[in-house]
Amino acid sequence: MELAQRILKGDRRAVARLISMAENFDPQAQDAMRLLHPHSGRAHIVGVTGPPGAGKSTLIDRLAKSYRLLNKKVGIIAVDPSSPFTGGAILGDRIRMSDLNTDSGVFIRSMGTRGHLGGLSRAVCDAMLILDAFGMDIIIIETVGAGQSEVEIASLAHTTILVEMPGLGDDIQTIKAGIMEIGDIFVVNKADRQGVERTEMELKAMLDLDSEEKAWTPPIMRTIANSGEGITALRDAIDAHRAHLVACGDWNLVNHDRIRAGFMALLRNRLTAFITENPGNKPIFDAMTARIVRREIDPYTAADELMAKLTSIKH
Amino acid sequence: MSERKIRVLIAKPGLDGHDRGAKIVARALRDAGMEVIYTGLHQTPEQIVETAIQEDVDFIGLSCLSGAHMTLFPRVMGLLRENGVEDIIVTGGGIIPEEDIPKLREAGISAIFGPGTPLEDIIEYHRKAK
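Residues numbered from 1 in each chain as written. Chains lettered and ligands numbered in written order. Predicted model: local features only at pLDDT ≥ 70, side-chain atom pairs only at ≥ 80, totals over all residues. Heavy atoms only, no water.

### Describing the pattern of salt bridges
Residue and element names in this part refer to chain A. Using the criterion set out here, one finds 33 salt bridges over all chains in the structure. Measuring nitrogen to oxygen at the nearest pair gives 2.9 Å for the salt bridge that ties lysine 65 to aspartate 61. Here lysine 65 pairs with aspartate 61, and both are found in helix α4 (residues 56-69), just four residues apart, close to one helical turn. Taking relative accessible area as the criterion, lysine 65 reaches 27% and is therefore assigned partly exposed. For aspartate 61, a relative accessible area of 1% puts it in the buried group. (Salt bridge = Lys/Arg side-chain N within 4 Å of Asp/Glu carboxyl O. Helix = DSSP H or I, 4+ residues; strand = E, 2+ residues; numbered from the N terminus. Buried < 20%, exposed > 50% of the residue type's maximum accessible area, 1.4 Å probe, protein only.)

Encoded structure:
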C-alpha cells in the first residue's frame, strides 16, 4: 500500500519510515507528503525550549501523560545536536520518556540537528505534518538545549514554552534579546531548588518591562517535573493559550506565519541547492567562488553577477 | 542531495545496571557518524521493539550483563517478527558465554560482541551490514 495511506490508516512503521525519508531528503517522500497535507492542520503545536539540563524531556514526559488522561493523542519530536565534525549524534531524550514507549496514543521521534542551526532539525516541519496527519492532537517539539538565540521554534509552534531553572545567571540574562522574548509560557522547573523565588521574580520583572500592551501575558509557572508537581496547571495554561489564540483571532494569524516560515525554509533550501548543486549551475558557482578566493571579485558583486546569470530578472 | 544516515538503537533490556559498555559503543558509533538512540536502563523487550519502530532504526544493539540474555534476546526477536519488522538487524553485547552464541545466532541475533571486541570491528560491522 502507498505510504501515505498506511499512515492515515494508523501504521506506525509507515510514519517512522516517512520521517526518515524526509530527514534523508529522499525525493520519494514528496509524493506521500503531498497526499498527507490535506489531512494536516488540526494539531496544537507546542514548542519546549530552554537550557540543557533544565528538565525539558522529563517535563514533556509528564505533560504527555497528563494529556493522555484526557485521551488526547500526543506526538513528540525530540531534537538533539549532531556532531559538526562527524555528523553523528546521541539521541537521548527518550531516556526520560520510557513509560510512553508502549502507549499506542503516543508517538515519539528523536532527531539529530544534522547541521541545521536554530535548535531544530530541517525535517522538523515535515515530521510535524506527518504526525499531524497521523491524528495526533498535540505535537510537542523539544529543541536542543538552547542558549540565547535558538528561537526558531517560536516560528513553528502555536505555543512556545521556555523552561528555566533556579540558579542560572542573573537578571541581566532576562533582559537580553533572543530566547527570553519567545515564551508564551515560562516554566521554572526544579522548583524545589534554592533560588526559585528569585528566578521567578526576575522573569516577572522582565515581563513587566514589556512596553507594549499585550493581549496575552505569559504566565510564570512553577513545576517539579520529577514528582509531577505543577504539570496539570501547566497543561491548563497551554490549553488556555490555545483558547486565547482562537478567541482573539490570532490562531489563523499564527498559522499563516508558521506556514509561511516553513514554506520559506523549503524555498531557501531549494534555491540554495539550485544554485550550488544543480549540475548546470554548480560550475558557475564554483568558478565564482574561486574568483572570490583569488580576490578578483568581491562577494557582493559576485552575488549580483551570479543572480543576473541565473535569472532573467534585471537587478 | 539525498543522504542516508545509519540509525542505531542501543538498548539495555531487563534488570541490569551496567551501562558502561553500552555507552562506550554508543559513543563510538556516534563518532563514526551514525545516529544513536540511547534509551537508558531497564527496558522491556516491548519498549525496545516499539522504540525501534518509532525511530526507524537499521540496527538494535542489545547490551546485557545480567545473564538473562537467553530469555531477553529471543524475546526481542519474537516481538520484531510479530510486528513485521524483522528486517532490523539485531546485535548483542555484554557477558555472553561462548556456548550461548550459536543458540543466539539461531534465534536471529546477527552478531555478538563480547568484552574486548575492538570498537573498530563494531563500527565496521554496522557499516558493512547496511
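### Side note on the interface of chain B and chain A
Tallying the contact residues gives 31 residues for chain B and 33 residues for chain A. Taking both sides of the interface into account, the surface hidden between chain B and chain A amounts to around 2,700 Å²; carbon and sulfur atoms contribute 48%. Linking chain B to chain A there are seven salt bridges. The partner of aspartate 87 of chain B in a salt bridge is arginine 13 of chain A, and the shortest N-O contact between them spans 3.1 Å. Inspection of the chain B/chain A interface yields 20 residue pairs in polar contact (both at pLDDT 80 or more). Taken together, the elements giving at least two residues each to the side of chain B that touches chain A come down to α1 (20-31), β2 (35-38) and α2 (45-55) of chain B. (Contact = heavy atoms within 4.5 Å. Buried area = accessible area lost by both parts, 1.4 Å probe. Polar contact = N/O pair within 3.5 Å; in protein donor to acceptor, adjacent residues only side chain to side chain.)

### Topic: the domain arrangement of chain A
All names here are of chain A. Taken domain by domain, chain A holds domain 1 (1-38) and domain 2 (40-248). Computed over C-alpha atoms only, the centres of domain 1 and domain 2 are separated by 26 Å. Each side of the interface is counted separately: domain 1 has 18 residues, and domain 2 has 18 residues. Here domain 1 and domain 2 share an interface that buries about 1,600 Å² over both sides, 64% of which is from carbon and sulfur atoms. Considering only the surface of domain 1 that becomes buried against domain 2, Arg12, Ile19 and Glu23 emerge as the three largest contributors, covering 41% of it. Applying the counting rule to domain 1 against domain 2 returns two salt bridges. A salt bridge links arginine 114 to glutamate 23; the shortest N-O distance between them is 3.7 Å. (Domains from an automatic or database assignment.)

### Some points on the pairing of strand β4 (residues 89-94) of chain B
Residue and element names in this part refer to chain B. With six of its six residues buried, β4 lies for the most part within the structure. Alternating positions in β4 separate into two faces, Ile89, Thr91 and Gly93 on one and Val90, Gly92 and Gly94 on the other, with burial throughout. In this structure, strand β3 (residues 59-64) lies alongside β4, joined through six bridges in parallel fashion. Within the sheet, the bridge partner assigned to leucine 62 lies in β4 and is glycine 92. Remark: the β3/helix α3 (residues 69-82)/β4 crossover connection has right-handed handedness. (Pairing = 2+ DSSP bridges. Right-handed = clockwise from strand over helix to strand, strands pointing away.)

### Examining α4 of chain A
Residue and element names in this part refer to chain A. With 14 residues, α4 ought to run about 20 Å at 1.5 Å a step, and its terminal C-alpha atoms sit 20 Å apart, in line with that. Along α4, 10 of the 14 residues are buried, which leaves the element largely enclosed by surrounding structure. Residues of α4 that are buried include every one of Lys56, Ser57, Thr58, Leu59, Ile60, Asp61, Leu63, Ala64, Ser66 and Tyr67, and no others. Structurally, α4 contributes buried residues whose contacts are with β1 (44-49), β2 (74-80), β5 (138-142), β6 (159-164), β7 (185-188) and α9 (231-247). Just past α4, the residue asparagine 71 takes up positive phi, approximately 65°. (Expected span 1.5 Å × (residues − 1).)

### Concerning the packing of aromatic side chains
Counted according to the given criterion, the structure contains two aromatic pairs over all chains. Summarising the aromatic geometry, the rings of phenylalanine 107 of chain A and phenylalanine 134 of chain A are spaced 6.1 Å apart at their centres and angled 75° between planes, so their arrangement reads as edge-to-face. Taken together, the positions of phenylalanine 107 of chain A in strand β4 (residues 106-112) and phenylalanine 134 of chain A in the loop between α5 (124-133) and β5 put the pair 27 residues apart, joining distant regions of the chain. Note on accessibility: phenylalanine 107 of chain A and phenylalanine 134 of chain A belong to one class, buried. Look at phenylalanine 113 of chain B and tyrosine 125 of chain B: their rings are 5.6 Å apart centre to centre, the planes differ by 75°, and that puts the pair in the edge-to-face class. (Phe/Tyr/Trp six-rings, centres within 6.5 Å; stacked < 30°, edge-to-face > 60°.)

### Some remarks on the packing of α2 of chain B against α3 of chain B
The description of two helices packed together rests on the angle between their axes and the distance between the axes. Residue and element names in this part refer to chain B. Axis separation between α2 and α3 bottoms out at 9 Å; the angle between their running directions is 45°. As summarised for this structure, α2 and α3 are arranged oblique, according to the angle between their axes. Along this stretch, α2 crosses α3, giving a crossing that reads as right-handed. Across from Pro45, Glu46 and Val49 in α2, the residues of α3 making contact are Leu72, Arg75, Val76, Leu79 and Leu80. Looking at side-chain class alone, the contact of α2 with α3 contains six nonpolar, no polar and two charged residues. (Axes fitted to C-alpha atoms, helices over the stretch in contact; angles between N-to-C directions. Parallel < 35°, antiparallel > 145°, perpendicular 65-115°, else oblique. Left-handed = near helix turned anticlockwise from the far one by under 90°. Nonpolar A, V, L, I, M, F, W, Y, C, P; charged D, E, K, R; others polar.)

### Here we look at the sheet that holds β3 of chain B
On the basis of which strands lie adjacent, the open sheet formed by six strands has the order β3(A)-β2(B)-β1(B)-β3(B)-β4(B)-β5(B) and parallel pairing. The open sheet terminates on both sides in strands that have one partner only, identified here as β3 (89-91) of chain A together with β5 (111-113) of chain B. Neighbouring strand axes in the sheet, compared pairwise and without regard to direction, differ in orientation by 25° on average. Across three bridges, β3 of chain A lies against β2 of chain B in parallel orientation. Counted as the bridge partner of leucine 91 of chain A is isoleucine 37 of chain B from β2 of chain B.

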